[in-house]
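Breakdown of the fold
One letter stands for each residue in the lines below.
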Amino acid sequence: MNRNLEIEIRKRAKALGFDIVRFTNADPFARDEQAALQRIRDGLMDGLPWYTEERVRRGARPGELLPGAKSIISVAISYLTGESEKAMGQPIGKVARYAWGDDYHKVIKSKLKELAGALPEIAGRPVVSRLFVDDGAMLDRAAAERSGVGWFGKNTNILTPSHGSWVFVAQLVTDLELTPDEALKKTCGECVRCIDDCPTNAIVAPYVIDNTKCISYLTIELRGAIPRELRPLVGDWVFGCDICQDVCPVNRKAEQSLEPAFRQRHDIAAPTLLPLLELGDEAFRERFTNSPIKRAKRVGMQRNVCVALGNIGDAAAVPALAKTLRENADALVRLHAAWALGRIGGEEARQVLVEAAQTEQDSEVKQEIEVSLEELTAKA
Ligand code: B12
């Protein structure tokens, strides 16, 4: 066996653009399996129907994901790329940093494929491997922790000493014997900033997220209505949320990303909101080609835009919201437009709601209009 296997692999992975490269064995992730199963049983992963007990059991056992697995090459790559460029004079929303650039699944998979392709030459024998980044069953953060890529923050994000939590983590499971690195001996100590500052109180205990309250879930994964009581707390986030990372002291000294594919795309990091209400399905797909934002779908994004406009409270949004309430084909979007009009308030918004109450056919939208009107009357 090549005695410099780990050194060579690390060198290749770094040359491909990974910021951190570590190794761990392919033993099961026993603590993480139990924690994830408990989370499902406690209802804290509700709303993610694909996140099943069966998936967790498989994902916690690298040997089931790749028969003959001996080691995991565990990598991280930063997506921290400066501040967002904001247009002036119009309502704008916030997008979580991880979605400012190209779709990270594609970017990272292509790098890991190249790394996998180089392994036989490095090892001097055929190598079996399987890659994972985000969308596979693998418990990505468990591998990142055990290999020493970073430590678990109380917000459940993996914090790296060099790049903070602004990293994607990924793995190449292989049948190579690699000397494992040690897990880091770091913790968040007494710090609870992320817990205190989460507007929806989604971090219900250190290391435990209630998915159903996390703004990231509400704006990306949730397909239905955002619960009424949570809408004001979502603020101006229209895709994902970074609050628990923004307030984290470790992230203050994080190094910047060197990956060109993650640089912010025009009008994505801080999108002007009103034009987004006009997009049809085709235009949405075009605008967000090769962007993680596609996951929210056009309807989900327009729902989020309505909520953000309601929370921003700028009366300049009333005509666009009125048009959305009258014309948008999706009841889910109309319902949130009605809510936003009620939240912005004022005579013009009230008048739009009164008129829509006469014409709206969908019972849930009708009910939202009525509640919003009642609230406006109570406020007056
Ligand atoms: C489902 C999911 C979500 C869900 C649920 C989040 C969650 N906390 O599980 C939602 C949609 C809300 C979400 C949001 C986000 N996500 Co997400 N998500 C995932 C996914 C697909 C699975 C995560 C999972 O298994 N959760 C199950 C729970 C049980 O795991 P956990 O929360 O990590 O909890 C662990 C700890 O509690 C630990 N533990 C238990 N007890 C104890 C005790 C101690 C003392 C310690 C130290 C640890 C510990 O064990 C648990 C299991 O490992 C992974 C990709 C993957 N395949 O793994 C990406 C992933 C976790 N997401 C990622 C990202 C970037 C995000 C967001 C930052 C995006 C955004 N800006 O909006 C937010 C962050 C929200 C947050 N604070 O977690 C990255 C995180 C990278 C990192 N640095 O950690 C991942 C790893 C994708 C990737 N490959 O890069 N996500």
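Residues numbered from 1 in each chain as written. Predicted model: local features only at pLDDT ≥ 70, side-chain atom pairs only at ≥ 80, totals over all residues.

Examined against the element boundaries, Gln90 turns out to sit in the loop between β2 (71–78) and β3 (94–95). According to the C-beta neighbour criterion, Gln90 is partly exposed, with 14 such atoms within 10 Å. Residues Gln90 and Asp314, spaced 224 residues apart in sequence, show a C-alpha to C-alpha distance of 9.0 Å. Setting aside residues no more than four positions away along its own chain, Gln90 makes contact with Thr272 and Leu274. (Helix = DSSP H or I, 4+ residues; strand = E, 2+ residues; numbered from the N terminus. Buried ≥ 20, exposed ≤ 12 C-beta atoms within 10 Å, placed from the backbone. Contact = placed C-beta atoms within 7 Å.)

At their nearest, the axes of helix α13 (residues 331–344) and helix α15 (residues 363–379) sit 9 Å apart, and the two run at 5° to each other. Here α13 is positioned roughly parallel relative to α15, judged by the angle of their axes. Contact with α13, carried on its side by Ala331, Arg334, Leu335, Ala338, Trp339, Leu341 and Gly342, involves Glu364, Val365, Glu368, Ile369, Ser372, Glu375 and Leu376 of α15 and no other residues of that element. Looking at the contact of α13 with α15 residue by residue, the class counts come to eight nonpolar, two polar and four charged. (Axes fitted to C-alpha atoms, helices over the stretch in contact; angles between N-to-C directions. Parallel < 35°, antiparallel > 145°, perpendicular 65-115°, else oblique. Nonpolar A, V, L, I, M, F, W, Y, C, P; charged D, E, K, R; others polar.)

Here we take up the site of the ligand. Near the ligand, the surroundings consist of 38 residues, among which Asp32, Ala96, Asp140, Ser216 and Gly240 are the closest. Residue assignment for the shell around the ligand shows that the elements contributing at least two residues are α2 (30–41), α6 (140–146), β7 (167–174) and α8 (215–221). Among the residues forming the shell around the ligand, the class breakdown is 23 nonpolar, eight polar and seven charged. (Near = placed C-beta within 6 Å.)

By domain assignment, the protein separates into domain 1 (5–80 + 101–174) and domain 2 (273–380). Summarising the inter-unit geometry, the C-alpha centres of domain 1 and domain 2 are found 39 Å apart. (Domains from an automatic or database assignment.)

What follows deals with helix α11 (residues 297–312). Helix length check: α11 (16 residues) gives 22 Å between terminal C-alpha atoms against 22 Å at 1.5 Å per residue, within 8%. Burial of α11 is extensive: 13 of the 16 residues sit out of reach of the surface. Positive phi shows up at Gly313, right after α11, with a value of about 80°. (Expected span 1.5 Å × (residues − 1).)

Ala76, Phe168, Leu321, Ala338 and Leu341 are the most contacted members of the largest nonpolar core, which has 107 residues in total. At nine residues, the largest contribution of residues to this core is made by α13. Viewed by domain, this core spans two of them, domain 1 (5–80 + 101–174) and domain 2 (273–380), each represented by three or more residues. Here Ala76 is in contact with Phe18, Asp19, Ile20, Ala144, Val149, Gly150, Thr160, His163, Val167, Phe168 and Val169, once residues within four sequence places are set aside. (Core = buried A, V, L, I, M, F, W, Y, C linked by C-beta atoms within 7 Å.)

Glancing now at unusual backbone geometry. The phi dihedral of Asp134 is positive, around 70°, even though this residue is not glycine. Owing to 15 C-beta atoms within 10 Å, Asp134 belongs among the partly exposed residues under this scheme.

Here the focus is the sheet that holds β2. Judged by pairing direction, the sheet is antiparallel, and its four strands sit side by side in the order β1-β2-β7-β4 without closing on themselves. The open sheet has two free edges, formed respectively by β1 (20–25) and β4 (129–132), since each of these has just one partner strand. Here the average twist between neighbouring strands, direction ignored, is 20°. Relative to β7, β2 runs antiparallel, the two sharing eight bridges. Residue Ser74 lies in a different strand from β7, and its bridge partner there is Gln171. Helix α1 (residues 5–15) rests against β1 and β2 of the sheet, and its axis sits at about 140° to β1. (Pairing = 2+ DSSP bridges.)

This part is about α15. Relative to the 24 Å expected for 17 residues at 1.5 Å per residue, α15 spans 24 Å between its end C-alpha atoms, a close match to the ideal helical length. Along α15, the positions that sit buried rather than exposed are Val365, Glu368, Ile369, Ser372 and Leu376. Along the axis of α15, the buried positions cluster into a sector of 100°, meaning they face one direction only. Facing away from the buried surface of α15 by more than 90 degrees, the exposed residues are Ser363, Glu374, Thr377 and Ala378. Packed against the buried residues of α15 are α13 and α14 (347–359). (Arc of directions from axis to C-beta.)

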